[in-house]
Amino acid sequence: MTSPHDQVEPTPLTWVEISERALMANARLLQKVAAGSKRSPITCVMVKGNGYGHGLIEASRCFVKAGIDWLGVADIREAQSLRSAGVQAPLYAVCHVAPNQVHAAVKLGLKLTVYDAQTVQAASRAVHDLGRPCHLHLKLETGTNRQGLRHDQALQLAQEILDTPGLVLEGLSTHFADIEDTTDHGFAKQQLARFQAGLNALRDLMSSKGEDPNQLMAHASNSAAVMLWPEVSLDMVRFGIAAYGMWPSKETFLSAQQLGRRPLDLQPAMTWKTVVAQVREVPSGEWVGYGRTFQALRDSKIAILPIGYYDGYDRRFSSRSQVLIGGHKAPIAGRVAMNMVAVDVTDNPTVTQGDEVVLLGSQQAPDGSVSALHAEQLARWIGTINYEVVTRINDRIDRVLKD
Ligand SMILES: Cc1ncc(COP(=O)(O)O)c(C=O)c1O
């Protein structure tokens, strides 16, 4: 027999709160910036990587509500999840959809990035079988050497697409190699010039085949490009990181200043939380955790948190990062384990079991002061980028929309 107690849904020990208000404000701000002085481009927000860790479905719904036109996914699994959740917005896959997944992709109405004949042939079979069109975006190689086709190869594949009934050559895209890595944008400018040459040639080809070249959408801009060069937004922009309230890099921030751009008021949307599982008294001289890498140099108070590298709290945070408890920073004591981590709270005597802990985001102290741990700070501690910090948070952790 089950007791009423058993029927209560256990509360999670760790969860990620997402500010709907922040996501929507960022999306609208970027939409406005991308519009620049010309007609508004289509806005495609990247929700790949579980919405940059913010929750694929949750983030997508916020962006759609904010008026975003398209959602950018990595692959067919993300597209399937969105359609199953009832998200109807146009979906565009920017990474790899294998030829044997193309039939299912066409069924979902997923727009595809193409860079090989096999995918085009699979799309041709799918449109024939299903009697519905497939929208393709050719990827042009301009210097990243990740997915694109060189100029002549792109024109050849375009010809094949244009000659196949049911296939719609909807777009031509490219992706910058280093726009966010540097304040010298010489290479990105070269990429843009190569892209423009490829675009002109493709539009000429379309005209020669009696197709309307203006139907073709050109797109290249990610967050950094939207922020630095809104005047080259072309027909569509594909921004990710900035929609989640983060700058692509400090170089992008500096470049924006150098270019005299008005600073964008981006609002980080994520707060990652857990609770104190246990508070322990550890006498001076004793060790904490695996490998005995932390020794108490005074009689210490150690809080154990039910979170570890399985959850996406990187093992390299060991003895390096901090968390917020009671609105104050407290250092990680020793190694991050798979499901647990210790924090030195000796200087915060009020900490008790069940207290809320912020791993990423901000927290208010009882005196009203607010402390914050930004993704950029966490990234610096472990030698990575904010993109990785937020996307590595385990998908199984609940994303909860706030405000
Ligand atoms: C093809 C493509 N476009 C756009 C983006 C968005 O980039 P960002 O998050 O820097 O705006 C990405 C992200 O990796 C991408 O792969």
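Definitions and limits used
- Residues numbered from 1 in each chain as written.
- Predicted model: local features only at pLDDT ≥ 70, side-chain atom pairs only at ≥ 80, totals over all residues.
- Pairing = 2+ DSSP bridges.
- Helix = DSSP H or I, 4+ residues; strand = E, 2+ residues; numbered from the N terminus.
- Axes fitted to C-alpha atoms, helices over the stretch in contact; angles between N-to-C directions.
- Near = placed C-beta within 6 Å.
- Core = buried A, V, L, I, M, F, W, Y, C linked by C-beta atoms within 7 Å.
- Buried ≥ 20, exposed ≤ 12 C-beta atoms within 10 Å, placed from the backbone.
- Domains from an automatic or database assignment.
- Parallel < 35°, antiparallel > 145°, perpendicular 65-115°, else oblique.
- Left-handed = near helix turned anticlockwise from the far one by under 90°.
- Contact = placed C-beta atoms within 7 Å.
- Nonpolar A, V, L, I, M, F, W, Y, C, P; charged D, E, K, R; others polar.

Student: Can you explain the sheet that holds strand 5 (residues 110-114)? Please cite residues and give values.
Tutor: Strand-to-strand pairing in sheets goes through backbone hydrogen bonds, with the strands running parallel or antiparallel. Pairing is parallel in the closed barrel, where 8 strands are placed in the order 2-3-4-5-6-7-8-9. Pairs of neighbouring strands in the sheet enclose a mean axial angle of 30°, with direction left out of account. As paired strands, strand 6 (residues 134-139) and strand 7 (residues 167-173) are joined by 6 bridges and run parallel to one another. The residue of strand 7 that forms the bridge with C134 is L167.

Student: Lay out the sheet that holds strand 14 (residues 300-305) in plain terms, naming residues and giving numbers.
Tutor: The strand order 11-14-17 describes an open sheet built from 3 strands, whose pairing is antiparallel. Two strands lie at the open edges of the sheet, namely strand 11 (278-282) and strand 17 (341-344), each paired on one side alone. Within the sheet, the average angular offset between the axes of one strand and its neighbour, ignoring direction, is 30°. Across 4 bridges, the pairing between strand 14 and strand 17 is antiparallel. For A303, the partnering residue across the bridge sits in strand 17 and is V343.

Student: Any chance you could break down the site of the ligand for me, citing the residues and the numbers?
Tutor: Neighbouring the ligand are the residues M46, V94, H175, N222, S223, A224, R238, F239, G240, I241 and P248. Within the residue set of the shell around the ligand, elements represented by two or more residues are helix 9 (223-228) and strand 9 (236-239).

Student: So what's going on with the nonpolar core? Which residues, and what values?
Tutor: Judged by nonpolar contacts, the single largest core of 116 residues is most densely connected at L23, V45, F63, A93, A123 and V343. Three or more residues apiece are contributed to this core by two domains, here domain 1 (19-258) and domain 2 (270-402).

Student: Would you mind going over the packing of helix 1 (residues 20-35) against helix 3 (residues 56-66) in detail, with residue names and values included?
Tutor: Across the interface, helix 1 lies against helix 3 with an axial gap of 9 Å and an inter-helix angle of 50°. With respect to each other, helix 1 and helix 3 are oriented oblique. As for how helix 1 packs across helix 3, the hand of that crossing is right-handed. For the pair formed by helix 1 and helix 3, the contact residues are E20, L23, M24, A27 and R28 on the first element and A59, C62, F63, K65 and A66 on the second. A class-by-class count of the residues in the contact of helix 1 with helix 3 yields 7 nonpolar, no polar and 3 charged.

Student: Describe the domain arrangement of the protein chain, naming the residues involved and giving the relevant values.
Tutor: Domain boundaries in the protein chain define domain 1 (19-258) and domain 2 (270-402). Taken over C-alpha atoms, the centre of domain 1 sits 37 Å from the centre of domain 2. Every contact between the two is made by 12 residues of domain 1 and, on the other side, 11 residues of domain 2. At 3 residues, the largest contribution of residues to the side of domain 1 that touches domain 2 is made by helix 2 (residues 48-52).

Student: Tell me what's going on with the pairing of strand 1 (residues 14-19), and back it up with residues and numbers.
Tutor: Bridge analysis of strand 1 against strand 10 (residues 270-275) gives 5 bridges, and the strand direction is antiparallel. Counterpart to E17 in the pairing with strand 10 is T271. The pairing of strand 1 with strand 20 (residues 398-402) spans 5 bridges and is classified as parallel. Pairing of E17 across the sheet is with V400, part of strand 20.

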